[in-house]
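# Working through the structure, step by step
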Amino acid sequence: MNESGYYFPVIHNAVGIMTPFLLAAIGGLFTELTGMLNIALEGLMLIGAFFSVIFAASTGSLFLGVLFGIVITMFIALIFGLISLYLKADIFISGLATNLLASGLTVVLAFKIFGNKGVILFKNLPELPSLNIPFLQKIPMFGDIFIGHNIFVYLSWLIVIIAAVVIYKTPFGMRLRGTGYNPRAITALGLKPRNYQLAAILISGFTCGIAGAVLTLNLGAFVPNITSGRGWIALVAIYLGNKNPFGIVIASFVFGFSESFSNYAQGATKIPADFILAFPYIITVVAMIGYSVWKYYKENRKVF
Amino acid sequence: MKLIVKRKKNPENIFVNIFSLSVTMGIAFLIVIVLILFLSKDPAKTIRYFFIGPFLNRYYFGNMLNSAIPLIFTGLGIAIAFKASTFNLGGEGQVYSGALAATAVCLALPEANGFIGGSLAILAAIGVGAVLAGLSGLFKMKWGTDELISSFLISGAVVLIVNYFITGPMDDPANNLLTTREIAKQYRFMQIFPPSKLDISIFFAVLTAFLVFFFMFYTHWGYEMRMCGLNREFSRYGGIKVKFYLVLPMILSGSFQGLAGAVSVMGTYHMSVKGFSFGMGWNGIAVALIARNNPLAVIPAAIFFAYIEAGASAAMIHSDVTFEIAAIVESIIYFLITAQALKDFIRYRKRRTE
């Protein structure tokens, strides 16, 4: 990427790579705030990835593709939410079920439509529009971080800001947080905590749909299980970001950077590819343990 | 947030359980039939192979029972962890690395006595699984790191590292497949139902299920572990070393996952193949759920799961749907089971989130 004129190509790529993490984590933040551990992020992303690329290729329009992808992801999220909340299923198990359904359904449909269970290339995909301003690109750091990304990157930043406003400044957001903090208070207000939880699940379906679309539309292909653990890493990003939208931006950047760095290391060093692929998982686990150690000592100091 | 968990009396009526299970299975199979009608060009043939394929001949039937063996072990491992209200989502990595460890020991000792070398291989697999899962338990005990996510992430990294060993340093140069070399003859379990791959370890698996049942319900450790699973705070008040029972179930759980890997290498594959154990860890969770964490019920639940997968692969071989149709059936069963078994599980989860 050096020939493209960025001073720190690793950072520039990290900003692009962090987008799916960021989007999924922002959606997961809503469910987390209502007191649910949403492990279905992974499966919802996969659904979004599959359907958005298929619709984008068949309609020839990126916008329609992403729109259909989001609609179908939200539909699956709705099923997941209804079963979890209204049939009172355990959200952890139904989350696992959603992930399993996503990986099964995408492969079965890919085989039905394309007769192929492997990588599916889409040749007539419209290209993602991106923001290119060559002279701003030349500014170190600023150019690396802000300029030259595809439209989804800017969309994700917009979504972060909207999410922050919704969570902290609107009655809906306050009730959402109230649902997680004290469901009985919400009930006492004459509201139903379940409705807020369902809304949160649908929001996570919305952002995961876009997150999945980023993956496949960027690549121009669908690969089975293309999400490869990103939903789980997004889940960790929520905790590392201290359940705060802007904290999540930083946490996602850390994971984006570790993946970008491992891509770079793959080209520049002789470390085997599998180790490099394992690197984001290891970083995530170490970050997660570090966070819990920090929290543990912080809380214990308060006690004594 | 403190929720007072009211413990309802759970009538352990086996007929009620079996009835509700059969309703679940009925709905799941109905959805499969609809799915096949939509996907297949010759639905009647596909449906026939899906449902009766596993019983068509000795080969299919034996292989179905054979693929239930690792599921019994992984199911037992998950059931132990669930009973203690800990969660082990790292089954995939633990099975896979257990398999690799067993293969490595067998390959390192090509001339050893079958019994001694085989025991060493099994112990190595158990050890690797126990350490991987035990780490998550240890982090939970020390600093409260969520073992559910940490076990998954550790497993994600381990799977890739095992891939490296299978395709890199331990790859068999004699063939172009991504496999290790074959283990020596004396380590292979005796086949009991030729021409299928069913081997003698099925008795071992059934015996293990009984041992786990005995451990859980008739020993001091098992009792204290279940107590911690029911109510950790109360157990602490009663003088049980609660922290110990965060680590022990994880270690046991990981051991069984590792064992599943060793058994599938020494019984069925006779080598480690890239990705050959994928799904065993996840299906273990489903098996434990269907069995409602009862070690004895794990046996039929594992056979049922093996049946679905055998049906799907028979339908794939003889007709025009893919194997992943099994994943859809399984996910529907997950949904339905959890919507039903909610009473037990909501109890567990509430305690976790307190």
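Here, residues in each chain are numbered from 1, in the same order as that chain's written sequence. The order in which chains are written sets their letters, starting at A; the order in which ligands are written sets their numbers, starting at 1. For this predicted model, a pLDDT threshold of at least 70 governs which residues receive local features, and a threshold of 80 or more governs which side-chain atom pairs are given and counted, while totals over whole chains, interfaces and linings are taken from all residues. Note that the side-chain values use all heavy atoms of the structure and ignore hydrogens as well as water.

Attention shifts here to the overall build of chain A. Within chain A, the secondary structure is distributed over 13 helices and two strands. Using a 1.4 Å probe on the protein chains alone, a residue whose accessible area is under 20% of its type maximum counts as buried, one over 50% counts as exposed, and one in between counts as partly exposed. Within the span of chain A, comprising 304 residues, buried residues form 54% of the whole. Long-range pairs, those at least 24 residues apart, make up 75% of the contacts in chain A with a sequence separation of at least 6. Split by element, the accessible area of chain A, about 13100 Å² in all, is 69% carbon and sulfur. A residue counts as positive if it is Lys or Arg and as negative if it is Asp or Glu; His and the chain ends are not included. Note that the charge is assigned to NZ on lysines, CZ on arginines, CG on aspartates and CD on glutamates. Treating the 18 positive side-chain charges of chain A as one cloud and the 9 negative ones as another, the clouds have centres 13 Å apart. Secondary structure elements follow DSSP: runs of H or I no shorter than four residues count as helices, runs of E no shorter than two count as strands, and numbering proceeds from the N terminus. Should any heavy atoms of two residues lie within 4.5 Å, those residues are considered in contact. Residue-level accessible areas treat just the shown protein chains as cover; the underlying method is Shrake-Rupley with a 1.4 Å probe.

Before going further, it helps to spend a moment on a nonpolar patch on the surface. Residues and elements named next belong to chain A. A surface patch of nonpolar side chains, about 460 Å² in accessible area, is lined by Phe-63, Leu-64, Leu-67, Phe-68 and Val-71. By the secondary structure assignment, Leu-67 is in helix 3 (residues 62-86). A relative accessible area of 39% means that Leu-67 is categorised as partly exposed. Like charges are joined within 9 Å and nonpolar side chains (Val, Leu, Ile, Met, Phe, Trp, Tyr) within 5 Å, but only among residues with over 30% relative accessible area and no salt bridge; these make up the patches. What counts as a salt bridge is simple: a side-chain nitrogen of Lys or Arg found within 4 Å of a carboxyl oxygen of Asp or Glu.

Here the focus is helix 6 (residues 147-167) of chain B. All names here are of chain B. One less than the number of residues in a helix, times 1.5 Å, gives the span that helix is expected to have. For helix 6, with 21 residues, the first-to-last C-alpha span of 30 Å sits near the 30 Å given by 1.5 Å per residue. Counting buried residues in helix 6 gives 17 out of 21 residues, a clear majority hidden from the surface. By the N-cap criterion, in which a side-chain oxygen at the helix start approaches the backbone nitrogen of a residue two or three places on, helix 6 is capped by Asp-146, the distance to Leu-148 being 3.1 Å. Here a polar contact is taken to be a pair of N or O atoms separated by no more than 3.5 Å, where protein atoms must pair a possible hydrogen donor with a possible acceptor and residues adjacent in sequence count only if both atoms sit in side chains.

A few words on the pattern of salt bridges. Counting across every chain of the model gives six salt bridges over all chains. When the shortest N-O distance is used, the salt bridge between Arg-230 of chain A and Glu-259 of chain A registers 3.0 Å. Placement of Arg-230 of chain A in helix 11 (residues 230-240) and of Glu-259 of chain A in helix 12 (residues 245-268) is noted, with a sequence separation of 29 residues between them. With respect to burial, Arg-230 of chain A and Glu-259 of chain A carry one shared label: buried. The salt bridge partner of Arg-188 of chain B is Glu-182 of chain B, with a shortest N-O separation of 2.8 Å.

What follows deals with the side chain of Thr-31 of chain A. The topology assignment puts Thr-31 of chain A in helix 1 (residues 9-33). When neighbours within four sequence positions are excluded, Thr-31 of chain A is seen to be in contact with Met-36, Asn-38, Ala-200, Ile-201 and Ser-204 of chain A.

With 193 residues, the main nonpolar core has Leu-217 of chain A together with Phe-50 and Leu-153 of chain B as its most contacted residues. Leu-217 of chain A has contacts with Ser-52, Val-53, Ala-56, Leu-62, Val-66, Leu-125, Leu-128 and Phe-152 of chain A, leaving out every residue within four places of it along the chain. Here, nonpolar core means buried Ala, Val, Leu, Ile, Met, Phe, Trp, Tyr and Cys residues that are tied together by side-chain atoms lying within 4.5 Å of each other.

Let's shift gears to the interface of chain A and chain B. Taken together, the 47 residues of chain A in the interface contact 47 residues of chain B. Across the pair Lys-117 of chain A and Glu-324 of chain B runs a salt bridge, and its minimum N-O distance is 3.2 Å. Inspection of the chain A/chain B interface yields four residue pairs in polar contact (both at pLDDT 80 or more). Of all the secondary-structure elements, those providing two or more residues to the side of chain A that touches chain B are helix 4 (91-114), helix 8 (171-181), helix 9 (183-188), helix 11 and helix 13 (273-303) of chain A. Among the elements that line the side of chain A that touches chain B, the one with the most residues is helix 4 of chain A, at 15 residues. When grouped by side-chain class, the residues that make up the side of chain A that touches chain B number 35 nonpolar, six polar and six charged. Each residue is assigned to one class: nonpolar for Ala, Val, Leu, Ile, Met, Phe, Trp, Tyr, Cys and Pro, charged for Asp, Glu, Lys and Arg, and polar for all the others, Gly among them.

On average, residues of chain B score 85 in pLDDT, and 91% of them are at 70 or above. Predictor confidence is given residue by residue as pLDDT, running from a minimum of 0 to a maximum of 100. Counting contacts from residues 1-12 of chain B, a segment whose pLDDT is below 50, to residues more than four positions away or on other chains yields 16 contacts.

Bringing the packing of aromatic side chains into the picture now. The description of an aromatic ring pair uses the distance of the two centres, along with the angle that the planes make with each other. Whether two aromatic rings pair depends on their centres lying within 6.5 Å, for rings of Phe, Tyr and Trp, where Trp uses its six-membered ring; planes under 30 degrees apart make the pair stacked, over 60 edge-to-face, and the rest tilted. Counted by the stated rule, this structure contains 38 aromatic pairs over all chains. Seen in terms of ring centroids, Trp-221 of chain B and Phe-244 of chain B are 5.4 Å apart; in terms of plane orientation they differ by 70°. Their pairing is edge-to-face. Remark: Phe-244 of chain B occurs in helix 10 (residues 244-269) and Trp-221 of chain B occurs in helix 8 (residues 220-230); sequence separation between them is 23 residues. Owing to a relative accessible area of 44%, Trp-221 of chain B belongs among the partly exposed residues under this scheme. Taken together, the ring pairs connect Phe-50, Phe-51, Phe-55, Phe-68 and Phe-222 of chain A into an aromatic cluster.

A few words on the environment of Ile-283 of chain A. Residue and element names in this part refer to chain A. Assignment of secondary structure puts Ile-283 in helix 13. Overall, the relative accessible area of 25% leaves Ile-283 in the partly exposed class. Each residue touching Ile-283, except ones within four places of it in the same chain, is listed here: Phe-255 and Ser-258.

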